[in-house]
Amino acid sequence: MLGLVLEGGGAKGAFHIGALKALFERGFQFSGVAGTSIGALNGAMVAQGDFEKCYDFWKTVTPSTLLEIDDEKIASIFNDDKIQIKEIPYFIGLAKSAISNKGISIERLEDIVNQLIDEDKIRESTIDFGVITVDISSDWLPIEIFKDQMPTGMLKKYVLASAYYPAFRRPRIDGRSFIDGGIYDNCPVNPLIRRGGYKRIIVISTLSKMPAHQVADKSIKIDYITPSKSLGNTLDLRNKNILENLKLGYYDAIRYLDKLRGEKYYFTNVNSSYIYNLIESQSPEFFIELSNLFNEKGNKKALTGRLFKEMKGFLKSDKALEDADVFLKTLEILTDEKKIEKFKIYTIESFLKEMQISYKYKKNPNNQVVQAIQLLINTYRS
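One structure accompanies this document, and this report is about it. (Residues numbered from 1 in each chain as written. Predicted model: local features only at pLDDT ≥ 70, side-chain atom pairs only at ≥ 80, totals over all residues. Heavy atoms only, no water.)

### As for the overall build of the protein
Consideration 1: Scanning the protein for helices and strands turns up 17 helices and nine strands.
Consideration 2: Considering the protein as a whole, with its 382 residues, one finds that 50% of them fall into the buried category.
Consideration 3: Summed over its atoms, the accessible surface of the protein is roughly 18800 Å², and 50% of this surface lies on carbon and sulfur atoms. (Helix = DSSP H or I, 4+ residues; strand = E, 2+ residues; numbered from the N terminus. Buried < 20%, exposed > 50% of the residue type's maximum accessible area, 1.4 Å probe, protein only. Areas by Shrake-Rupley, 256 points an atom, 1.4 Å probe, with all protein chains shown as cover.)

### Here's the deal with the pattern of salt bridges
Consideration 1: Under the counting rule described, the total for this entry stands at 22 salt bridges.
Consideration 2: A salt bridge links Lys229 to Glu244; the nearest nitrogen and oxygen atoms lie 2.9 Å apart. In this pair, Lys229 is assigned in the loop between strand E7 (221-225) and helix H11 (239-258) and Glu244 in helix H11, connecting sequence segments 15 residues apart.
Consideration 3: Take Glu244: its relative accessible area is 28%, and that puts it in the partly exposed class.
Consideration 4: Through salt bridges that share partners, Asp128, Asp148 and Arg195 make up one connected network. (Salt bridge = Lys/Arg side-chain N within 4 Å of Asp/Glu carboxyl O.)

### Here we look at empty space enclosed by the protein
Consideration 1: What the rule picks out here adds up to one cavity of 30 Å³ or more.
Consideration 2: Reported here for the largest cavity is a volume of approximately 250 Å³.
Consideration 3: Forming the walls of the largest cavity are 18 residues, and the residues nearest its centre are Gly10, Ile38, Leu66, Leu109 and Tyr165.
Consideration 4: When its residues are assigned to classes, the lining of the largest cavity shows 15 nonpolar, three polar and no charged. (1 Å grid on protein atoms, 1.4 Å probe; cavity = no way out; pocket = protein on both sides within 12 Å on 5 of 7 lines; lining within 4 Å. Points joined across faces, edges and corners; volume = space filled by probe spheres on them. Nonpolar A, V, L, I, M, F, W, Y, C, P; charged D, E, K, R; others polar.)

### Let's talk about a nonpolar patch on the surface
Consideration 1: A cluster of nonpolar side chains, namely Trp140, Ile183 and Met210, defines an oily patch on the protein surface of about 290 Å² accessible area.
Consideration 2: The residue Met210 is located in the loop between strand E6 (200-204) and E7 in this model.
Consideration 3: Assessed through its relative accessible area of 38%, Met210 is described here as partly exposed. (Patch = residues over 30% accessible without salt bridge, like charges linked within 9 Å, V, L, I, M, F, W, Y side chains within 5 Å.)

### As for helix H13 (residues 284-294)
Consideration 1: Every buried residue belonging to H13 is among Phe286, Phe287, Leu290, Ser291, Leu293 and Phe294, and all of these are buried. Looking down the long axis of H13, one finds its buried residues gathered within 160° of arc, a one-sided arrangement. Among the exposed residues of H13, those pointing more than 90 degrees away from its buried face are Pro284, Glu285, Ile288 and Asn292.
Consideration 2: Phi turns positive, to about 55°, at Asn295, one or two residues after H13. (Arc of directions from axis to C-beta.)

### Overview of the packing of helix H1 (residues 13-25) against helix H3 (residues 51-59)
Consideration 1: At their nearest, the axes of H1 and H3 sit 10 Å apart, and the two run at 140° to each other. Considering the angle they form, H1 stands oblique to H3. Taken as a pair, H1 and H3 cross one another with a handedness that is left-handed. Contacts between H1 and H3 pair Gly13, Ala14, Ile17, Leu20, Lys21 and Phe24 from the former with Phe51, Cys54, Tyr55 and Trp58 from the latter.
Consideration 2: Of the residues belonging to the contact of H1 with H3, the class tally is eight nonpolar, one polar and one charged. (Axes fitted to C-alpha atoms, helices over the stretch in contact; angles between N-to-C directions. Parallel < 35°, antiparallel > 145°, perpendicular 65-115°, else oblique. Left-handed = near helix turned anticlockwise from the far one by under 90°. Contact = heavy atoms within 4.5 Å.)

### Some remarks on the environment of Gly18
Consideration 1: As for its placement among the helices and strands, Gly18 is situated in helix H1.
Consideration 2: Given the relative accessible area of 0%, Gly18 is considered buried.
Consideration 3: A sequence separation of 230 residues divides Gly18 from Leu248, and the C-alpha atoms of the two residues are 6.8 Å apart.
Consideration 4: Residue contacts for Gly18: discarding those within four places in its chain leaves Leu246, Gly249 and Tyr250.

### Describing unusual backbone geometry
Consideration 1: Its identity as a non-glycine residue notwithstanding, Asp139 has a phi of 55°, on the positive side.
Consideration 2: Within the secondary structure layout, Asp139 lies in the loop between strand E3 (128-135) and strand E4 (141-146).
Consideration 3: The class of Asp139 is exposed, set by a relative accessible area of 75%.
Consideration 4: Backbone geometry at Asn295 places phi at a positive 55°, although glycine is not the residue there.
Consideration 5: On the secondary structure map, Asn295 appears in the loop between H13 and helix H14 (300-315).
Consideration 6: Judged by relative accessible area, which is 73%, Asn295 ranks as exposed.

### Brief notes about the packing of aromatic side chains
Consideration 1: Going through the model one piece at a time under the given rule, you end up with 16 aromatic pairs.
Consideration 2: Ring centres 4.5 Å apart and planes at 10° place the aromatic pair Tyr276 and Phe308 in the stacked group. Placement of Tyr276 in helix H12 (residues 272-280) and of Phe308 in helix H14 is noted, with a sequence separation of 32 residues between them.
Consideration 3: Assessed through its relative accessible area of 2%, Phe308 is described here as buried.
Consideration 4: Chaining the aromatic ring pairs together yields one cluster made of Phe24, Phe30, Phe51 and Tyr55.
Consideration 5: The positively charged end of Lys21 is found above the aromatic ring belonging to Tyr55, 5.8 Å away from the centroid. (Phe/Tyr/Trp six-rings, centres within 6.5 Å; stacked < 30°, edge-to-face > 60°. Lys NZ or Arg CZ within 6 Å of the ring centre and 35° of its normal.)

### What to know about the nonpolar core
Consideration 1: Residues Leu20, Leu23, Trp58, Ile117 and Phe129 are the most contacted members of the largest nonpolar core, which totals 68 residues.
Consideration 2: At eight residues, the largest contribution of residues to this core is made by H11.
Consideration 3: Counting 37 residues, the second largest nonpolar core, distinct from the first, contains Tyr265, Phe286, Leu307 and Ile340. (Core = buried A, V, L, I, M, F, W, Y, C linked by side-chain atoms within 4.5 Å.)

### Quick word on the pairing of strand E1 (residues 2-6)
Consideration 1: Taking burial as the measure, the five residues of E1 include five buried ones, the bulk of the element.
Consideration 2: Every second residue of E1 is oriented toward a common face, with Leu2, Leu4 and Leu6 on one face and Gly3 and Val5 on the other, all of them buried.
Consideration 3: With five bridges joining them, E1 and E6 adopt parallel strand pairing. The partner of Val5 across the bridge, within E6, is Val203.
Consideration 4: Here four bridges tie E1 to strand E2 (residues 32-36), and the two strands are oriented parallel to one another. Bridge pairing links Leu4 to Val33 in E2.
Consideration 5: With H1 bridging E1 and the parallel E2, this β-α-β connection has right-handed handedness. (Pairing = 2+ DSSP bridges. Right-handed = clockwise from strand over helix to strand, strands pointing away.)

Pasting the structure below:
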């Protein structure tokens, strides 16, 4: 059986949905899903077979979708510019309201859960479904609960309980008070393992700093789809940020599926031998210039080896990297990220062509590696 785990992370849950889009396009089917916090909400939609409905919802999310707040004013918190002085009274008012009402209202979040989640569908689904929350009225007892253990009519309440941030005004469930399951285990792999029968589990991470337990059974294959860059603030529900993380999830899942290389970008059909052959296939003039640059004589193989030695020194990395990764990491460092499209799958050749307009060599023109890569870029001019 194949399991799915969705790590908590608030607004970062958009990354789950982008990654799942790629997985479902490739025909993946899950026997069970477990999630914490926003992972519980997204997991419920997967379990009931309504992924497209969930994806459409995330595309339109803004802060006011889930909370009673002003989108434009809240956006000022996350923009690079400082909060405008005229907006300060608004935030003071929010704080006072939250204090007097014993927390931030979650009525809109409750409405969304009621609109999106269908308890009957989840119970009838062949996909198992579980969440984590914490019962703070019972000595902070962690609750790992699956759909067959939830009383009828209570499933949505447990999904909400898994996502109860401390600042929220949290309704009681059967007289008990709950809080976000992320404070106990934000990445619920073990609850799925304890259900039994899983040979492989895919975890979609949000790079959260909340607690995550060590995997209880090392014999089960655990694959992680991890963001290639920060997903931003947990509460950053600006639509611009959400759409960016949807794309990031999709492409980072494609990286996992197709074994693409690179850290910031996505490279296909790349290994060390391919890169060595690519460099050694350059013109004699290229190697004459490379020889002059390094003040070293030798054949193509020797000069290519010297180039890789210099790149390793340039990176100053303690990691033992394969030569292909050394080369790609060097290219990524020397690329102006504002001038080259991230969400695209590149060959080495196509990326070198793009680097003609994105190369940051002017910042360090005297470095030998910088100049050597410039020589290589020059051979790919249109």
